[in-house]
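Read off the chains here:
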Amino acid sequence: MELHLTADHEFTLTQVSQARVLMVGAGGIGCELLKNIAMIGFGEVHIVDLDTIDLSNLNRQFLFRHEHIGKSKALVAKEAAQVFNPNVKIVAHHANIKDAQFHVEWFKSFKLVFNALDNLEARRHVNRMCLAADVPLIESGTTGFNGQVQVIKKGVTACYDCTTKEAPKTFPVCTIRSTPSQPIHCIVWGKSYLLNEIFGTSEDQATLDSGVDEDNATEIAELKKEAEALRMIRESVGTEQFPQMLFDKVFNTDINRLRSMKDMWKSREPPKPLDYKELTVKAAQALASKDEILKDGQRIWSLEENLAVFIDSLERLSKRMLKLIAECAEGARKPTITFDKDDEDTLDFVAASANIRSHIFGIEAKSRFDIKQMAGNIIPAIATTNAIVAGLSVLESFKVLRGDYDKAKEVFLTPFAPQRLLGTDRSRPPNPDCPVCGAYNTSVQVDLSRATLNDLVEDFVKLQLGYGEKEFAVNSDAGLLYDPDETDNLGKSLGDLGIKENGFVTIVDEDDEDPFINVVINIQEAKLADKPIKGLEVDRVPAIPHKPKKALPVESNGVNGKRAVDGEASAKDLKKRRRTDDDVISPAVKKSKGENDDIVVIDDDAGTGAIEILDD
């Protein structure tokens with residue numbers, strides 16, 4: 001049968017062959033998607049994935065074989081897909097999409113981005129980067145038999161964060177630290193507390209603010225002592241004594257302290273401390289065969305095997321940390337290592353630590369495979385669902401390449417719905433109150449070795465962005481950095497405040513009269529000879545849109561609408577800088593001095609199913 005192509009079809013194929021596209025994720029959806037992209041003939045394809053191939057991947061990620069176990073998903077996927085079409089240029093990156101090398105300018109080099117990710121935090125990051133780069137994104141995801149595809153274009157369609165995502169899970173801080181009763185409690189302790197204290201960012205006093213409750217304040221005071229002791233231990237990273245020092249602290253000393261609180265154990269079995277030297281003797285065989293243990297991540301390890309993995313992972317993480325410190329520029333902020341479900345070193349450490357703690361408290365242990373799911377918030381996938389969603393993503397990409405956003409659809413795969421297998425809907429318009437796509441995006445060049453928050457506020461926000469004498473707040477992912485009442489950070493370097501290359505800072509206009517919409521600034525590191533901060537568009541004030549005015553409700557006590565009830569504040573009497581949910585892009589919320597907050601955020605992945613820790 002002879003195939004006849006219309007002019008529209010020929011134009012689309014031309015666009016495809018010339019397109020340079022990015023695919024983030026080479027897992028379940030990614031394997032199917034890369035096969036489609038290669039066979040259709042996209043000009044150049046870049047793949048980014050940090051993960052390595054696991055035995056459990058082979059039942060649905062068909063580009064991989066048994067001999068590929070332990071190898072990079074991105075690199076193996078490239079080699080496998082290249083066979084389908086040798087004419088397509090495929091570039092693989094075995095890396096984290098959040099790494100500094102994948103900056104906004106890099107995203108701008110692509111015609112289109114495909115998301116094929118399995119966790120919400122990474123999806124949100126790619127969504128934000130594509131908005132900042134003004135590059136269309138095709139977002140896709142699956143949960144069991146259900147799936148969805150969404151086209152995201154800045155200013156045209158809704159973005160990934162235009163709708164509220166699942167609320168984070170919450171646990172009391174003292175349950176995590178003192179009275180765990182479930183495996184997830186121990187996993188959160190290993191991931192959000194212990195790993196951070198040794199290789200990440202240690203908690204400060206503000207993070208552990210306990211309010212006025214006397215019992216809780218006493219417990220928090222003890223936790224601060226623990227944190228101080230751990231900070232001393234982290235100074236021994238890389239030494240021969242380091243594993244035992246850490247083990248003795250968290251699995252013996254701290255446990256004995258908890259046992260001394262007799263009232264806590266009246267109705268439950270007290271924890272049983274472990275002795276490092278005794279356990280090391282028992283674990284001699286496991287220590288000698290740690291490589292074999294690590295290969296079997298789907299089996300629940302014994303206590304001795306967990307000790308072997310604990311020691312081995314600490315050695316690996318210590319070497320990484322010492323290398324990072326050696327490569328760190330003088331005066332720069334100390335490097336950190338954070339948890340990633342695809343980072344074997346951090347995963348092994350969290351798995352072993354959590355299981356040892358579970359043993360101490362009489363809680364069932366979990367396999368590393370199970371812990372990876374629980375700690376990484378992995379959404380399960382099915383091969384058929386992945387294949388359908390990948391095909392739908394490519395079909396929507398044709399509309400994007402032609403610029404036919406009015407024809408783009410949100411597609412939902414719901415096999416158990418009574419109506420039909422595939423449901424479609426018009427792409428939703430952007431949510432004007434969305435804190436991500438409803439913001440104005442810009443960039444700034446920053447010499448992170450010299451720049452302070454005051455440089456950013458005075459030289460860029462006030463002068464170049466045109467805020468002048470306006471009142472405004474500066475937020476990062478870590479929380480509030482500055483507003484007229486919070487000026488303590490102005491003299492600190494941006495690096496010390498946790499701002500990194502390719503990070504984002506949000507400016508919130510707090511003026512009541514005609515305020516700007518939120519401004520999101522992408523930080524681009526540069527070595528500058530003159531001032532430590534330089535806007536990309538010199539001497540040009542950008543046209544930042546203003547927030548749409550909302551009609552104020554009529555103040556009335558029910559009598560002809562003439563006046564408010566006596567003693568009731570009118571709109572003008574409200575605190576001038578009161579903020580609403582759409583004012584803050586960061587999940588972190590301003591904490592006023594002396595404020596008695598109920599929530600202590602230990603590990604906030606902003607709706608990824610990660611953990612908020614509640615004070616009880």
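The structure displayed is predicted, hence computed values, not measured ones.

**What to know about the sheet that holds strand S14 (residues 519-525)**
So, point 1. Spatially, 6 strands are ordered S12-S11-S13-S14-S10-S15 in an open sheet, and the strand pairing comes out mixed. Only two strands of the sheet have a single partner each, and these edge strands are strand S12 (479-482) and strand S15 (533-535). Put simply, the sheet's adjacent strands are angled 35° from each other on average, direction ignored.
So, point 2. Note: strand S10 (residues 440-446) against S15, 3 bridges, orientation antiparallel. Looking at S15, one finds that valine 446 is bridged to isoleucine 533.

**A short note on the confidence of the model for the chain**
Any region with low pLDDT has predicted coordinates that should not be read closely.
So, point 1. Taken as a whole, the chain shows an average pLDDT of 81; of its residues, 80% reach a score of 70 or greater.
So, point 2. In the model, residues 203-213 has pLDDT below 50 throughout and makes 24 contacts with residues more than four positions away in sequence or in other chains.
So, point 3. Predicted confidence is poor over residues 555-616, with pLDDT under 50, and the contacts of this stretch with residues over four places away or in other chains come to 136 contacts.

**Section: the side chain of threonine 157**
So, point 1. Checked against the element boundaries, threonine 157 lands in the loop between strand S6 (146-152) and strand S7 (169-172).
So, point 2. Under the relative-accessibility criterion, threonine 157 is labelled buried at 4%.
So, point 3. A distance of 3.0 Å separates the side chain of threonine 157 from the backbone oxygen of valine 151, its partner in a polar contact.
So, point 4. Contacts of threonine 157, omitting those with residues within four sequence positions, involve Val151, Ile152, Ser427, Arg428, Pro429 and Pro430.

**A few points about the packing of aromatic side chains**
So, point 1. Evaluated as defined, the whole model comprises 17 aromatic pairs.
So, point 2. Arranged with centres 6.1 Å apart and planes meeting at 70°, the rings of phenylalanine 247 and phenylalanine 310 form a pair that is edge-to-face. Remark: phenylalanine 310 occurs in helix H13 (residues 303-327) and phenylalanine 247 occurs in helix H9 (residues 242-259); sequence separation between them is 63 residues.
So, point 3. Exposure remark for phenylalanine 247: the relative accessible area of 0% places this residue in the buried category.
So, point 4. Here the aromatic residues Trp189, Tyr193, Phe199, Phe242, Phe247, Phe251, Tyr276, Phe310 and Phe349 are joined through ring pairs into a cluster of three or more.
So, point 5. Positioned above the aromatic ring of phenylalanine 504 is the side chain of arginine 128, whose terminal nitrogen or guanidinium carbon lies 4.9 Å from the ring centre.
So, point 6. The lysine or arginine in question, arginine 357, covers the ring of tryptophan 189, its NZ or CZ lying 4.4 Å from the ring centre.

**A word on the pattern of salt bridges**
So, point 1. Under the defined criterion, the tally for this structure stands at 28 salt bridges.
So, point 2. When the shortest N-O distance is used, the salt bridge between glutamate 396 and lysine 399 registers 3.0 Å. Of the two residues, glutamate 396 and lysine 399 are both situated in helix H16 (residues 383-402); the distance of 3 residues between them amounts to about one turn of the helix. For the pair shown, glutamate 396 and lysine 399 are each scored as buried.
So, point 3. The network of salt bridges with common partners includes Asp312, Arg316, Arg320, Asp343, Asp345, Asp348 and Arg368.

**A word on helix H7 (residues 183-199)**
So, point 1. Here H7 is 17 residues long and its end C-alpha atoms lie 22 Å apart, about the 24 Å a rise of 1.5 Å per residue gives.
So, point 2. At glycine 190, H7 shows its strongest bend, of approximately 35°.
So, point 3. Most of H7 is tucked away, with 17 of its 17 residues classed as buried.

**Concerning the sheet that holds strand S3 (residues 89-93)**
So, point 1. One open sheet accounts for 8 strands, arranged S3-S2-S1-S4-S5-S6-S8-S9; its pairing is mixed. Of all the strands in the sheet, the pair left with one neighbour each is S3 and strand S9 (422-426). In this sheet, neighbouring strand axes are inclined to one another by 15° on average, regardless of whether the strands run parallel or antiparallel.
So, point 2. As judged from the 3 bridges shared by S6 and strand S8 (residues 409-413), these two strands associate in the antiparallel manner. Directly across from valine 149, in S8, lies its bridge partner valine 411.

**Looking at unusual backbone geometry**
So, point 1. One non-glycine residue, asparagine 502, adopts positive backbone phi at about 75°.
So, point 2. Inspection of the secondary structure puts asparagine 502 in the loop between S12 and strand S13 (504-509).
So, point 3. Its identity is not glycine, yet aspartate 514 carries a phi of approximately 50°, on the positive side.
So, point 4. Counting through the fold element by element, aspartate 514 comes out in the loop between S13 and S14.

**A word on the pairing of S13**
So, point 1. With 6 of 6 residues buried, S13 is to be regarded as a mostly interior element.
So, point 2. Here strand S11 (residues 472-476) pairs with S13 via 4 bridges, running antiparallel. By the bridge assignment for S13, alanine 473 is matched with valine 508.
So, point 3. Strand direction decides the pairing type here: S13 and S14, joined by 4 bridges, are antiparallel. Opposite threonine 506, over in S14, you have valine 520 as the bridge partner.

**What to know about the environment of leucine 258**
So, point 1. Counting through the fold element by element, leucine 258 comes out in helix H9.
So, point 2. Its relative accessible area of 2% is what places leucine 258 among the buried residues.
So, point 3. Remark: the alpha-carbon pair of leucine 258 and serine 178, spanning 80 residues in sequence, is separated by 6.9 Å.
So, point 4. In contact with leucine 258, other than residues within four places in its own chain, are Arg177, Ser178, Trp265 and Phe361.

**Regarding the nonpolar core**
So, point 1. Counting 53 residues, the largest nonpolar core has Phe199, Leu246, Phe247 and Phe310 as its most contacted members.
So, point 2. For this core, the secondary structure elements donating two or more residues are H7, helix H8 (214-234), H9, helix H10 (276-282), helix H12 (290-295), H13, helix H14 (344-360) and helix H15 (368-376).
So, point 3. The element that contributes the greatest number of residues to this core is H7, accounting for 10 residues.
So, point 4. Excluding residues within four positions of it along the chain, phenylalanine 247 makes contact with Asn252, Leu274, Asp275, Tyr276, Leu279, Leu307, Phe310 and Ile356.
So, point 5. Counting residues in each nonpolar core, the second largest holds 40 residues, with Val21, Ile29, Phe64 and Tyr405 among its members.

**Some details on the pairing of S12**
So, point 1. As paired elements, S11 and S12 share 3 bridges and run antiparallel to each other. Looking at the pairing, asparagine 475 lines up with leucine 480 of S12.
So, point 2. If you look at the hairpin formed by S11 and S12, you'll find 2 residues sitting between the two strands.

**Notes on the packing of H9 against H14**
So, point 1. One way to put it is that H9 packs onto H14 with a least axis distance of 11 Å and a crossing angle of 25°. Regarding the angle of H9 to H14, the classification is roughly parallel. For H9 against H14, the interelement crossing comes out right-handed. Taking contact as the criterion, the partners of Leu246, Phe247, Phe251 and Ile255 in H9 are, on H14, Phe349, Ser353, Ile356, Arg357 and Ile360.

**Let's talk about the state of the cysteines**
Two cysteines form a disulfide when their sulfur atoms are joined by a covalent bond.
So, point 1. Scanning the entire structure with this criterion turns up 0 disulfides.
So, point 2. In this structure cysteine 159 is a free cysteine whose sulfur lies 3.7 Å from that of cysteine 434, the closest cysteine sulfur available.
So, point 3. Given the relative accessible area of 0%, cysteine 159 is considered buried.
So, point 4. For cysteine 434, a relative accessible area of 4% puts it in the buried group.

The rules behind the values
Residues numbered from 1 in each chain as written. Predicted model: local features only at pLDDT ≥ 70, side-chain atom pairs only at ≥ 80, totals over all residues. Heavy atoms only, no water. Pairing = 2+ DSSP bridges. Helix = DSSP H or I, 4+ residues; strand = E, 2+ residues; numbered from the N terminus. Axes fitted to C-alpha atoms, helices over the stretch in contact; angles between N-to-C directions. pLDDT = per-residue confidence, 0-100. Contact = heavy atoms within 4.5 Å. Buried < 20%, exposed > 50% of the residue type's maximum accessible area, 1.4 Å probe, protein only. Polar contact = N/O pair within 3.5 Å; in protein donor to acceptor, adjacent residues only side chain to side chain. Phe/Tyr/Trp six-rings, centres within 6.5 Å; stacked < 30°, edge-to-face > 60°. Lys NZ or Arg CZ within 6 Å of the ring centre and 35° of its normal. Salt bridge = Lys/Arg side-chain N within 4 Å of Asp/Glu carboxyl O. Expected span 1.5 Å × (residues − 1). Bend = angle between axes of the 7 residues up to and from the residue. Core = buried A, V, L, I, M, F, W, Y, C linked by side-chain atoms within 4.5 Å. Parallel < 35°, antiparallel > 145°, perpendicular 65-115°, else oblique. Left-handed = near helix turned anticlockwise from the far one by under 90°. Disulfide = S-S within 2.5 Å.

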